[in-house]
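# Results of the structural survey
Given next are the chains, with one letter for each unit.
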Amino acid sequence: SRTYVVTGAASGIGKSTSELLTEQGHRVIGTDLRDAEIVADLSTASGREQLVEEVTRVSGGGVDAVLAVAGLATPNAATVAVNFYGTVATLEGLRPLLLRSPSPRAVAVSSMAALFPPDETLLNALLDGSETEAMARAAELEAGDAQRSSLIYGTAKRALSRWIRRQAPTAEWADASIPLNAVAPGVVYTPMTAYIMSDAAARSQVAAMVPMPLNGFFEPRGVATLLAWLTSEDNAHLCGQIIYIDGGSDAVLRGDTV
Ligand code: NAI
């Protein structure tokens, strides 16, 4: 039995993954804003520190896998704080706890929305600028019209996918024998996407942006199964992969990029 940390464990993909890992006989330390063993707010620096302190205490100083699932999809700056800085802080902050594991693993949840055209100013600030600069740009986009604010989510996820690809082959991760990867789901039925499901116009708009020829929108358990494998002992060699579990939208939108 292994010890797994799952952020966003109270809902949707994180909840489904926690249930699957528990069924498999593992110890799951779930964390979220509520309804979780550890309650911590990943949108703030103090919440991120608290997460690391509490996981360290509760786990006794060692974990086998970190699954950074928590995220927001609202068109505002908080989405950048959670989806990029919260995720990076989770992975970097808990990395020392992975070093004691015989088979440590780490994974984040990006999105196929990372393939949408980004706001370049925000993307550059996230990857190569300061958090202050990036949050100021996110606030500008939030204050703009619906088209500008809608760039926030995909841009934060693109930055996260890039961060994973940059970090995975480095001394911190690959040289420490920690496979670091991400999954990029298409549209999954969770509370995050409930508004789409209850509104026919939103549903067809999303279906046009996210073409999913293989089985269409799907259940969180489908993503949970992949996350569980990526963080299992069986996955020893994937490094810096962004795995599109998206019913084919990546293949449709950019099939010839290989
Ligand atoms: P969800 O809304 O059901 O679950 C997300 C969880 O993250 C919630 O329990 C929420 O409380 C937690 N969270 C939000 N802000 C937080 C904060 N400041 N601190 C700590 N926890 C916080 O959504 P879902 O769909 O399960 O999303 C999970 C991940 O999957 C997210 O990163 C999302 O962007 C990503 N994703 C979801 C897709 C979908 O179609 N549902 C598609 C692609 C990616």
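Preceding this section is the structure that the text describes.
Residues numbered from 1 in each chain as written. Predicted model: local features only at pLDDT ≥ 70, side-chain atom pairs only at ≥ 80, totals over all residues. Heavy atoms only, no water.

Further remarks concern the nonpolar core. In this structure, Leu67, Leu91, Ile164 and Leu227 are the most contacted members of the largest nonpolar core, which totals 73 residues. The element best represented in this core is helix H3 (residues 77–98), accounting for nine residues. Excluding residues that lie within four positions of it along the chain, leucine 91 makes contacts with Val66, Ala68, Ala106, Val107, Ala108, Trp163, Ile164, Trp173 and Leu180. (Core = buried A, V, L, I, M, F, W, Y, C linked by side-chain atoms within 4.5 Å. Buried < 20%, exposed > 50% of the residue type's maximum accessible area, 1.4 Å probe, protein only. Helix = DSSP H or I, 4+ residues; strand = E, 2+ residues; numbered from the N terminus. Contact = heavy atoms within 4.5 Å.)

Looking now at the site of the ligand. The ligand sits among 29 residues. The nearest are Ser11, Asp32, Tyr153, Val188 and Thr190. Separating an oxygen atom of the ligand from a side-chain N or O atom of serine 11 is a distance of 2.5 Å. When the ligand is considered free in solution it has 820 Å² of accessible area, and contact with the protein chains removes 94% of it. Going through the elements one at a time, helix H1 (12–23) and helix H7 (151–167) are the ones with two or more residues in the shell around the ligand. In terms of residue class, the shell around the ligand is made up of 15 nonpolar, 10 polar and four charged. (Near = heavy atom within 4 Å. Polar contact = N/O pair within 3.5 Å; in protein donor to acceptor, adjacent residues only side chain to side chain. Areas by Shrake-Rupley, 256 points an atom, 1.4 Å probe, with all protein chains shown as cover. Nonpolar A, V, L, I, M, F, W, Y, C, P; charged D, E, K, R; others polar.)

Let us look at the side chain of arginine 137. Locating arginine 137 in the fold gives a position in helix H5 (residues 131–143). Setting aside residues no more than four positions away along its own chain, arginine 137 makes contact with Asp119, Thr121, Leu122 and Arg148.

Judged by pairing direction, the sheet is parallel, and its seven strands sit side by side in the order S3-S2-S1-S4-S5-S6-S7 without closing on themselves. Each edge of the open sheet is held by one strand with a lone partner, namely strand S3 (38–39) and strand S7 (242–245). Pairing geometry for strand S4 (residues 65–68) and strand S5 (residues 105–109), over four bridges, is parallel. Considered in S5, the bridge of valine 66 is made with alanine 106. On the sheet, H3 packs against strand S1 (3–7), S4, S5 and strand S6 (180–185) and is oriented at approximately 175° with respect to S4. Those strands touched by H7 are S5, S6 and S7, and its axis lies near 155° from that of S6. (Pairing = 2+ DSSP bridges. Axes fitted to C-alpha atoms, helices over the stretch in contact; angles between N-to-C directions.)

This part takes up the pairing of S4. Of the two faces of S4, both are covered, the one formed by Ala65 and Leu67 as well as the one formed by Val66 and Ala68. In this sheet, S4 lies alongside S1 in parallel orientation, the contact comprising three bridges. Following the sheet pairing, valine 6 is matched in S4 by leucine 67.

Before going further, it helps to spend a moment on the packing of aromatic side chains. Per the stated rule, a full pass over the model turns up two aromatic pairs. Here the aromatic rings of phenylalanine 84 and tyrosine 85 are separated by 4.9 Å at their centres, their planes lie at 90°, and the arrangement is edge-to-face. Ring geometry for tyrosine 189 and phenylalanine 217: centres 6.3 Å apart, planes at 75°, overall edge-to-face. Of this pair, tyrosine 189 sits in the loop between S6 and helix H8 (194–197) while phenylalanine 217 sits in the loop between helix H9 (200–209) and helix H10 (220–230); the two residues are 28 residues apart in sequence, bridging distant segments of the chain. On the accessibility criterion, tyrosine 189 (29% relative accessible area) is partly exposed. Residue classification places phenylalanine 217 among the buried residues on the basis of a relative accessible area of 12%. Taking the ring centre of tryptophan 173 as reference, the NZ or CZ of arginine 95 above it sits at 5.9 Å. (Phe/Tyr/Trp six-rings, centres within 6.5 Å; stacked < 30°, edge-to-face > 60°. Lys NZ or Arg CZ within 6 Å of the ring centre and 35° of its normal.)

Let's shift gears to the environment of valine 109. Examined against the element boundaries, valine 109 turns out to sit in strand S5. Overall, the relative accessible area of 7% leaves valine 109 in the buried class. For the pair valine 109 and alanine 184, spaced 75 residues apart in the sequence, the C-alpha separation amounts to 6.1 Å. Those residues in contact with valine 109, other than ones at most four positions away along the chain, are Ala68, Val69, Lys157, Leu160, Val183, Pro185 and Leu227.

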